[in-house]
Amino acid sequence: MTVRSQGPQSPLAEAWAIFRRNRPALLGLALLVLIVAMTLVGPTLYGVDPLDIVSAPLLPPGDADAPLGTDYLGRDLLAGIISGGRASLAVGLSAALLTMGLGVTVGALAGFYGGWIDRLLMRTTEFFQVLPPLILAMTIVLLFRPSLATVAVSIGLVSWPTPARLTRAEFLRIRELDYVRAARAMGARNRRIIWRLILPNAAPPLIVAATLTIGAAILFEGGLSFLGLGDSNAVSWGLIMGMNRPYIFEAWWATTFPGIVLFATVLAVSLIGDGLNDALNPRQRER
Amino acid sequence: MTAPVLAVEGVTVERQARSGSVRILRDLAFTVQPGETVALVGESGCGKSMTALAIMGLLPPRIRVAAGSIRLDGEDLARADARTLNRIRGDRISMIFQDPMTALNPVFTVGEQIAEVLRVHRGLSPANALARALDLLKAVDISDPAHRLRQYPHELSGGMRQRVMIAMAVACEPRLLIADEPTTALDVTVQAQVFELLRDLKRRLGMALILITHDMGAVAELADRAVVMYAGRAVEYAPVEELIRAPCHPYTQGLIGCIPDMESGDANAELTEIPGMVPDLAAIGPGCAFADRCGLADAACRAELPPVMERAPGHRVACWKA
Amino acid sequence: MTPPTAPLLQVDGLSVEYVLPATRAFGHKRVMRAVDEVSFSVARGTSFGIVGESGSGKSTTAAAIMRLVAIASGRILFDGERLDALGGEALRRFRRRLQIVLQDPYSSLNPRARVAEIIREPLDIQEIGTRGERRARTDELLALVGLRPEAGRAFPHQFSGGQRQRIGIARALATNPELVVCDEPVSALDVAIQAQVLNLLKRLQRERGLTFVFISHDLGVVHYMCDQVGVMYLGRLVEIAPAKRLFSRPLHPYTKALLAARPSIHARDRVSKAAGAIAIGDPPSPTEIRSGCRFAGRCSAAQAICRREAPLLEPKDEQHEVACHFATP
């Protein structure tokens, strides 16, 4: 007997083939690569210290010393945006990792074991969900000293319920499928069923959620910093915007440019997330 | 011979795809006489359900009748506009499906759904339609019909839901009822009751029936004549008794031979196998589509499509080797 | 009653219960007996068929034998060992001796694993053989079920239903089990493909001396595959007999109704069906079981006693057991 369909073999290769045909997603990917490259190699190419006072304060864009103008202290805005990306992306990434780590663990335990474990974990999840996230995050940051780490942790602590519910739903669904039953009949241990059977099959929506979480976390960090609750020692896009907030009417550029970059980053991540959603969505594939 | 209720002639149905069109039905022709039951039988993907949808004018998007005519009492449905089809469907032709749960609307009661058909096609008042719906539930042997009338589909068992579907389908006393795998989702004891009901309704209403099924047993139980379909083509037409006693096409022989049969003796005899599987419709060569799975096939079979030839009166076969 | 050799599988008074959610807030949870006091035994190298309609408990019986659902009461003896009493690591190790083939060839294979990984999975789980040995065994199993070695590198979605069921059979045979429970293995397949899979199963049984518990709603399939057949109705076994005997001389009215209802290609040769042979109405929901014989509501021969007293499964002669107050040939 012969194999029926030719074409891409593994589900991953197939997903990539679909993703590759998705223009907005590719655009998002290119944009993100550009932004990441900017924050990584930018400082060596554009050797201005973001904390140095280079010129007069609130200089409009187009100046020879500061292409994007200066902030309220006379610091170079372009240098600030370039190096601020590191903090924003780092916080976004680590907060997303924490969110997914917590969420997937809680959701997997609740969905797999059920019973009182499920009830306990889901009530806890609901408790976190009914608290307003921004207020909760602000409280956590204020309880400790605001730093990049506390900001990331606070974002993680308020964001995990969504992936937890998603993971639980996927585990509940896949747990009952026949191939999991078959594995039980073979004597597979729970560890194997969770790691080898359920998690890989639950991965597609979780990967999408993780991607979108990165965008949300970057935005969240920006919001906290804008409100003055960020790490005042680490330049981030949100911090620049927050510091220049009082001068928004005199110097629109000092808040607008970091805002545009922040917007572009979140947009890029969202486009990639949507693309992944289409590519990994099994309903698009033939059985 | 009287004029047939339905005359399908040279019907070819195509699916438009990026890589050109694929023929799902090829040159299909058969008739259904008044009061007669004709079975369309074959495996999944043979085009039997697509034939029903073509007759009903319910083909999915990008699939269309490319050639041929489908005449209901002389009126060509393949060329009818949407308004005409809407008038005819549910009135002169109706259809019942495999899964009565998804075919019924979950948010309306059984009575409301049957009454709806009568109000649309017969213009009955709500009260009259509901009274007639009660009669119909009695006619399909539903126990406690007055109570069932007020129930929702999910409150009924699978067998009762199929009876409700049948009541809706025969509400306007159609000339032709198409039953697409009507009992596949039902238990065997319930299936027998539904068959009995269909036989009874046919006799009482004098309607013709097209039975679409994969089950040769169901064909033998219910049908007068059968059309065996393979890869979008009718390969054998015959009166059912003759088809089962003396099948001519190797595919028909295979279909009958592969059924585990407890009436005819030896359980230790191996079942006849049809090797391989149904071909991809887009990759069918110029010859007979069954050639790759056929023990009798030779080069000629692969080279040239066998025409439909009359073997005996009313018994036609498309095979070079029959 | 005892077969000449000790049976490989002996099921004794097996019951499985499901707890249904309460219908009212603070109401009592209801318990539904999906399998009720089921007893039968299967001789080594033979096939025991269980037929019944939806809700009969046949698949739950299969799951209980596989220890995939909790057993409420009863014993399961496998080769003399108390399978029902095993737990933890001992049960885990024991599982290599019995395997299951599931109905749906689409949901029973992990879509993210290659076919070779799927077939090898029982060997990995049971830690049988070295890597090389497992790989060689995988190729051997592919050949055994009529698939090419290249198939091992493909993913399940690249195969048709029949081929996928072959993969499921190869997986079930990986650990060389003595008992294979086949839970409706062909009911999702086209007839022509059904014959291929049934012939394959029969050949494998002959060649490897396998013992089958074969679950099906299709009497023809069970007749073809099985030596001994049990008929289940709403959680109870109502009749057990050798296949030939059961189908030629059924005793229980439900078995007769099943046989009469089965569409047959010989429908025309058959004398018109005795009207009484067809069961009345739909099978009741398993949650609404009343006292007495469970078939009484649909049985044309039912008397007052049938609604009062549940008949026990009793031997009519050394081959034939039936649970009916009025069982007649």
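Everything discussed here concerns the structure shown above.
Residues numbered from 1 in each chain as written. Chains lettered and ligands numbered in written order. Predicted model: local features only at pLDDT ≥ 70, side-chain atom pairs only at ≥ 80, totals over all residues. Heavy atoms only, no water.

K.L.:
Could you clarify how one ought to interpret the interface of chain C and chain B in this entry?
P.N.:
Taken together, the contact pairs 41 residues of chain C with 46 residues of chain B. The contact between chain C and chain B buries some 3700 Å² in all, and 56% of this surface belongs to carbon and sulfur atoms. Linking chain C to chain B there are zero salt bridges. Where chain C packs against chain B, one counts twelve residue pairs in polar contact (both at pLDDT 80 or more). Elements with a minimum of two residues in the side of chain C that touches chain B: α6 (191-208), α7 (219-225) and α9 (253-261) of chain C. For the side of chain C that touches chain B, the element with the highest residue contribution is α6 of chain C, accounting for nine residues. Split by residue class, the side of chain C that touches chain B holds 21 nonpolar, ten polar and ten charged. (Contact = heavy atoms within 4.5 Å. Buried area = accessible area lost by both parts, 1.4 Å probe. Salt bridge = Lys/Arg side-chain N within 4 Å of Asp/Glu carboxyl O. Polar contact = N/O pair within 3.5 Å; in protein donor to acceptor, adjacent residues only side chain to side chain. Helix = DSSP H or I, 4+ residues; strand = E, 2+ residues; numbered from the N terminus. Nonpolar A, V, L, I, M, F, W, Y, C, P; charged D, E, K, R; others polar.)

K.L.:
I tried to follow the sheet that holds strand β7 (residues 179-183) of chain C on my own but got confused; where do I start?
P.N.:
To summarise the sheet geometry, strands pair through backbone hydrogen bonds and adopt either a parallel or an antiparallel arrangement. All names here are of chain C. Spatially, eight strands are ordered β6-β7-β8-β3-β9-β10-β12-β11 in an open sheet, and the strand pairing comes out mixed. Lying at the two open borders of the sheet, with one neighbouring strand each, are β6 (98-101) and β11 (314-315). The pairing of strand β9 (residues 228-233) with strand β10 (residues 236-242) spans six bridges and is antiparallel. Each residue of the ladder has a partner; that of Gln228, found in β10, is Pro242. Lying over the sheet, α6 contacts β3 (47-51), β7 and β8 (211-216), oriented at roughly 160 degrees with respect to β8. (Pairing = 2+ DSSP bridges. Axes fitted to C-alpha atoms, helices over the stretch in contact; angles between N-to-C directions.)

K.L.:
Would you explain a nonpolar patch on the surface in this entry?
P.N.:
Residues Trp16, Leu26, Leu29 and Val33 of chain A make up a contiguous nonpolar surface patch of about 340 Å² in total accessible area. Inspection of the secondary structure puts Val33 of chain A in helix α2 (residues 23-45). (Patch = residues over 30% accessible without salt bridge, like charges linked within 9 Å, V, L, I, M, F, W, Y side chains within 5 Å. Areas by Shrake-Rupley, 256 points an atom, 1.4 Å probe, with all protein chains shown as cover.)

K.L.:
Where do I start with the pairing of strand β1 (residues 9-20) of chain C in this structure?
P.N.:
One face of the sheet, then the other: side chains in a regular strand alternate in exactly this way. The sheet contact formed by β1 of chain C and strand β2 (residues 30-42) of chain C spans nine bridges and is antiparallel. Bridging across to β2 of chain C, Gln10 of chain C finds its partner in Ser41 of chain C.

K.L.:
Any chance you could explain the packing of aromatic side chains here in plain terms?
P.N.:
Centre-to-centre distance and the angle between the planes together describe a pair of aromatic rings. For the structure on display, the rule yields 14 aromatic pairs over all chains. Here Trp252 of chain A and Trp253 of chain A contribute two aromatic rings whose centre-to-centre distance is 5.7 Å and whose plane-to-plane angle is 85 degrees, an arrangement assigned as edge-to-face. Residue classification places Trp253 of chain A among the buried residues on the basis of a relative accessible area of 6%. Site record: aromatic cluster; members linked through ring pairs are Phe127, Phe128 and Trp160 of chain A. Just above the ring of Tyr237 of chain B sits the side chain of Arg316 of chain B; from NZ or CZ to the centre is 4.1 Å. In this structure, Lys202 of chain C packs its charged tip against the face of Tyr224 of chain C, placed 4.0 Å from the ring centre. (Phe/Tyr/Trp six-rings, centres within 6.5 Å; stacked < 30°, edge-to-face > 60°. Buried < 20%, exposed > 50% of the residue type's maximum accessible area, 1.4 Å probe, protein only. Lys NZ or Arg CZ within 6 Å of the ring centre and 35° of its normal.)

K.L.:
Is there a simple way to explain the environment of Gly285 of chain B in this structure?
P.N.:
Among the secondary structure elements, Gly285 of chain B is positioned in the loop between α11 (250-257) and α12 (299-303). Distance in space between the C-alpha atoms of Gly285 of chain B and Thr31 of chain B is 28 Å, their sequence separation being 254 residues.

K.L.:
Just to check I follow, could you spell out the sheet that holds strand β8 (residues 208-213) of chain B for this structure?
P.N.:
Residues and elements named next belong to chain B. Overall, mixed pairing links the eight strands, which are arranged β6-β7-β8-β3-β9-β10-β12-β11 in an open sheet. The open sheet is flanked by β6 (93-96) and β11 (309-312), the only strands paired with a single partner. Across this sheet, the average inter-strand angle for adjacent strands is 20 degrees, counted without regard to direction. Taken together, the six bridges between strand β9 (residues 225-230) and strand β10 (residues 233-239) define a ladder with antiparallel strand orientation.

K.L.:
Explain the nonpolar core to me, please; I cannot follow it from the model alone.
P.N.:
Generally speaking, nonpolar side chains in soluble globular proteins are found buried as a group. Among the nonpolar cores identified, the biggest contains 134 residues, and Leu6, Phe30, Ile178 and Ile210 of chain B are the most heavily contacted of them. By residue number, the principal contributor to this core is α6 of chain C, which donates nine residues. With residues near it in sequence (within four places) discarded, Ile178 of chain B still touches Ala52, Ile55, Met56, Ile93, Ser94, Met95, Ile96, Ile210 and Ile212 of chain B. Formed by 53 residues, the second largest nonpolar core is a distinct cluster that contains Ala185 and Ala188 of chain A together with Ile65 and Ile240 of chain C. (Core = buried A, V, L, I, M, F, W, Y, C linked by side-chain atoms within 4.5 Å.)

K.L.:
Whenever I open this one, helix α5 (residues 161-173) of chain C confuses me. Can you help?
P.N.:
Because each turn of an α-helix spans 3.6 residues, side chains separated by three or four positions in sequence point in the same direction. Counted at 1.5 Å a residue, the expected span for α5 of chain C with its 13 residues is 18 Å, and the 19 Å between its end C-alpha atoms agrees. Most of α5 of chain C sits inside the fold, with 13 of its 13 residues counted as buried. (Expected span 1.5 Å × (residues − 1).)

K.L.:
Honestly, the interface of chain C and chain A in this entry has me stumped. Any pointers?
P.N.:
Reports of interface size often rely on the accessible area that becomes lost once the parts have come together. Counting residues at the interface gives 40 residues for chain C and 31 residues for chain A. Interface area for chain C against chain A, summed over the two sides, is near 3200 Å², with a carbon-plus-sulfur share of 52%. The largest contributions to the chain C side of the interface with chain A come from Arg112, His157 and Gln158 of chain C, which together make up 24% of the buried area. At the junction of chain C with chain A, the criterion picks out two salt bridges. Summed over the shared surface of chain C and chain A, the result is nine residue pairs in polar contact (both at pLDDT 80 or more). Sorting the residues of the side of chain C that touches chain A by element identifies α2 (88-94), β6, α3 (115-126) and α5 of chain C as the ones contributing at least two each. Ranked by residues supplied to the side of chain C that touches chain A, first place goes to α3 of chain C with five residues. Split into classes, the residues belonging to the side of chain C that touches chain A amount to 16 nonpolar, eleven polar and 13 charged.

K.L.:
Hey, could you run me through a positive patch on the surface in this one?
P.N.:
On the surface, a cluster of positive charge is made up of Arg20 and Arg21 of chain A together with Arg18 and Arg62 of chain B. Tracing the backbone shows Arg20 of chain A in helix α1 (residues 11-20). (Lys, Arg positive; Asp, Glu negative; His and termini not counted. Charge placed at Lys NZ, Arg CZ, Asp CG, Glu CD.)

K.L.:
So what exactly am I meant to see when it comes to unusual backbone geometry here?
P.N.:
In terms of backbone geometry, most residues other than glycine have negative phi values and most peptide bonds are trans. At Arg62 of chain B, a position not held by glycine, the phi torsion is positive, near 70 degrees. Along the chain, the position of Arg62 of chain B falls in the loop between α1 (48-56) and β4 (63-72).

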